[in-house]
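Examination of the molecular architecture
As a plain string of letters, each chain reads:
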Amino acid sequence: MTPHSSQPLQALVQQLLTGGLTELGAKRVPTGIRKNPVTQAELTSTGFMGDAQGDRKHHGGTEKAVHQYCLDHYPFWRDAIGSVEPLAQPGAFGENLVVSGLTEDDVCIGDTWAVGDALLQVSQARRPCWRLNERFGVRDMARRVTETGRTGWYYRVLTPGIVATGDTLELRERPHPEWPLSRLFRVLLQDRPHPPTLEAVAGLTLLSNSWRDLARQRAANGKK
């Protein structure tokens, strides 16, 4: 299914962010969550050149090559936790693409988006981890992000290329309009297990393998 021609979905990349490894928290854990604006960067199948992840087992890789977070969520978080230092500028959540006007309600699993010379495909929503607690100095920040569903999402890279600040994200294909990320997140991580729905999620071939496995596990547990 392609998007309706009279309703093109597009959004401006207000900032492009990358970052090397720094240390996080009292244990000085290596992290790539702190990112800085760049004019442009080369995007490969595993992410932007110059971008790093401290835990390559759970972050980065082909299924989580690019992270996007909606700038429109920032006022909500300032009201919820105060004007802490990370929220003073974009990049608080470790995102690569700073974009307004697209939320988890607007983006669907498997969406294909063109940006710059590259072509991206939505692979999963983000599943927050403890690093957000350390990043924001809020002991339950990961839980709060999970409960609100304001998580951001990841892309796999279908076509590598150069991406720049000021480029436009343009929707090219939407194979699963029935699966916005907000619904996917609720089914997998917020609602009580409903095996038929979870089995449908497990059958989404454009969803990352780890999330398809999670759907199968929850479906099996829900049958007990």
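Predicted model, so just to flag it, every value in this text is computed and none were measured. (Residues numbered from 1 in each chain as written. Predicted model: local features only at pLDDT ≥ 70, side-chain atom pairs only at ≥ 80, totals over all residues. Heavy atoms only, no water.)

A closer look at the pattern of salt bridges
Counted only if it meets this: What counts as a salt bridge is simple: a side-chain nitrogen of Lys or Arg found within 4 Å of a carboxyl oxygen of Asp or Glu. In this description a helix means any DSSP run of H or I spanning at least four residues, a strand means any run of E spanning at least two, and both kinds are numbered starting from the N terminus. The classification of residues rests on relative accessible area computed with a 1.4 Å probe and restricted to protein chains. Under 20% of the type maximum is buried, over 50% is exposed, and intermediate values are partly exposed.
In the structure shown here, the tally under the stated rule is 7 salt bridges. Here Asp111 makes a salt bridge to Arg174, at a shortest N to O gap of 2.5 Å. Of this pair, Asp111 sits in the loop between strand S9 (97–99) and strand S10 (112–115) while Arg174 sits in the loop between strand S14 (168–173) and helix H4 (181–190), placing them 63 residues apart in sequence. With a relative accessible area of 0%, Asp111 lands in the buried category. Between Asp140 and Arg143 there is a salt bridge, with the nearest N and O atoms lying 2.4 Å from each other. With relative accessibility at 42%, the residue Arg143 sits in the partly exposed group. Among the charged side chains, a salt-bridge network with shared partners connects Asp140, Arg143, Arg144 and Glu147.

Describing the pairing of strand S6 (residues 40–44)
Using the following cut-off: Strands were regarded as paired on the criterion that DSSP finds at least two bridges between them.
Bridge count between S6 and strand S13 (residues 161–164): 4 bridges; the pairing is antiparallel. Bridging across to S13, Leu43 finds its partner in Gly161. Sheet analysis places S6 next to strand S7 (residues 47–48), joined by 2 bridges and oriented antiparallel. Looking at S7, one finds that Leu43 is bridged to Phe48.

Here we look at the pairing of strand S11 (residues 118–125)
Of all 8 residues in S11, 7 are buried, a share of seventy percent or more. Both S10 and S11 contribute to a ladder of 4 bridges, which runs antiparallel. Following the sheet pairing, Thr112 is matched in S11 by Gln121. The loop that links S10 with its antiparallel partner S11 comprises 2 residues; one of these, Gly116, has a positive phi angle of about 60°. Relative to strand S12 (residues 153–159), S11 runs antiparallel, the two being bridged by 6 bridges. Its bridge partner lying in S12, Gln124 is registered against Tyr154.

Let's talk about the sheet that holds strand S2 (residues 15–18)
Applied cut-off: For helices, the fitted line uses only the C-alpha atoms of the stretch in contact; every axis is such a line through C-alpha atoms, and the angle between N-to-C directions lies from 0 to 180 degrees.
As summarised here, the arrangement of the 9 strands in space is S1-S14-S10-S11-S12-S8-S9-S2-S5, forming an open sheet in which the pairing is mixed. Whereas interior strands pair on both sides, the edge strands pair on one side only; in this sheet they are strand S1 (10–12) and strand S5 (36–38). Neighbouring strand axes in the sheet, compared pairwise and without regard to direction, differ in orientation by 35° on average.

Observations concerning the packing of helix H1 (residues 74–81) against helix H3 (residues 141–148)
Counted only if it meets this: Angles are sorted into four bins: roughly parallel if under 35 degrees, roughly antiparallel if over 145, roughly perpendicular if 65 to 115, and oblique for all others. Should the near helix be turned anticlockwise from the far one by less than a right angle, the crossing is termed left-handed; should it be turned clockwise, right-handed. Contacts were defined at the residue level, with two residues in contact if any of their heavy atoms lie within 4.5 Å. Residues are grouped as follows: Ala, Val, Leu, Ile, Met, Phe, Trp, Tyr, Cys and Pro are nonpolar; Asp, Glu, Lys and Arg are charged; every other residue, Gly included, is polar.
Two elements in contact, H1 and H3, have axes whose closest approach is 13 Å; the angle formed by their N-to-C orientations is 130°. Looking at the two axes, H1 sits oblique to H3. Between H1 and H3 lies a crossing whose hand is right-handed. Listed contacts from H3 to Phe76, Trp77, Ala80 and Ile81 of H1 are Met141, Arg144, Val145 and Thr148. By residue class, the composition of the contact of H1 with H3 is 6 nonpolar, 1 polar and 1 charged.

What to know about the packing of aromatic side chains
The line we're drawing: The rule is short: rings of Phe, Tyr and Trp, with Trp giving its six-membered ring, pair when the centres are within 6.5 Å, and they are stacked under 30 degrees, edge-to-face over 60, tilted in between.
Considering all chains together, one arrives at 7 aromatic pairs under this definition. Summarising the aromatic geometry, the rings of Tyr69 and Tyr74 are spaced 6.2 Å apart at their centres and angled 70° between planes, so their arrangement reads as edge-to-face. According to the relative accessible area criterion, Tyr69 is buried, its value standing at 0%. Ring geometry for Trp77 and Phe93: centres 6.2 Å apart, planes at 45°, overall tilted. Linking Trp77 in helix H1 with Phe93 in the loop between H1 and S9, this pair joins segments that are 16 residues apart in sequence. Note on Trp77: relative accessible area 1%, which makes it buried.

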